[in-house]
Amino acid sequence: MRRTVIAVVTSCLLAVSACSSGGSSTTTATASEADVVAWMDKVCGAVDGTVKSMADEPPIDMNDPSTLKKGLSDWLGTKVAAADKSIADLKALEDGPHPKSKELVSAASSGMGQIKDLLAGTKSKLDAAGDENQVVAAFTEMVGRAGELEKAGADVQRKFDETGLAGAAQKANNCKGLQAAPPTT
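Each residue is numbered by its place in its chain's sequence as written, counting from 1. pLDDT decides what is reported in this predicted model: residues at 70 or higher carry local features, side-chain atom pairs at 80 or more are listed and counted, and totals for whole chains, interfaces and linings draw on all residues regardless. The basis for every side-chain value is the complete set of non-hydrogen atoms in the structure, without hydrogens or water.

1. Notes on the state of the cysteines
Stated precisely, the cut-off is as follows: Only a pair of cysteine sulfur atoms within 2.5 Å qualifies as a disulfide here. Each helix is a run of DSSP H or I of at least 4 residues and each strand a run of E of at least 2, with the numbering of both proceeding from the N terminus. Per-residue accessibility, obtained with a 1.4 Å probe over protein chains only, is compared with the maximum for each type, and a residue is labelled buried under 20%, exposed over 50%, and partly exposed between these values.
Taken as a whole, this structure holds one disulfide when the rule is applied. Note that Cys44 is cross-linked by a disulfide to Cys175, the S-S spacing being 1.9 Å. Between Cys44 and Cys175 the sulfur-sulfur dihedral comes to about 90 degrees; the bridge is accordingly right-handed. Here the residue Cys44 occupies a position in helix α2 (residues 30–53), and Cys175 occupies one in helix α8 (residues 173–177), the gap between them amounting to 131 residues. Comparing Cys44 with Cys175, the two get one shared label, buried.

Have a look at this one:
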């Protein structure tokens, strides 16, 4: 079950930050394009922190109910903190060099907010759980809601295309790092 949750959530994060679609940049001057690419690199870098934080597995032993709740809660707490940092880093990038910078950053922030809300909500349910079954139920519910994250990722990807920033994203190093194929569940 753990590997599936991690793969689903990581896939969703990669979808939120996917920078590999085909659109073209609306910038025409080389200097302006360089500025947009540099800014896009920062946008993908802001998201990358959360993506990297989701790469690990919770340090728990599924056969030890006494550590299950605390291990999952602590693990989710680090993911919520990473999403918070990504959201704050994105907010600082709203005034980018592209006319639609704020629009793209708002979409990315919204996607990261959805991820954070899901993780924080699951953490709250885990912390309030009275027994192992409630812990497992909360975690299972999070897995069941992974489709919401995939939709958020698709919305952000669509925004890359609509804003004309997909071409700049393809040239930005941090975005290239996010282009790895998502793991299969």
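Once the structure has been displayed, the description carries forward.
2. As for the confidence of the model for the protein chain
Applicable threshold: A residue's pLDDT is the confidence the predictor assigns to it, expressed on a 0 to 100 scale. Residue contacts are counted whenever heavy atoms from the two residues lie within 4.5 Å of one another.
Across the protein chain, the average pLDDT comes to 79, with 79% of residues at 70 or higher. Mean pLDDT across the elements of the protein chain bottoms out in helix α1 (residues 2–16) (43) and peaks in helix α4 (residues 101–128) (92). Scored below 50 in pLDDT, residues 1–31 makes 86 contacts in the model with residues more than four places away or belonging to other chains. With pLDDT under 50 throughout, residues 181–185 is counted as low confidence; its partners more than four residues away or in other chains account for eleven contacts.

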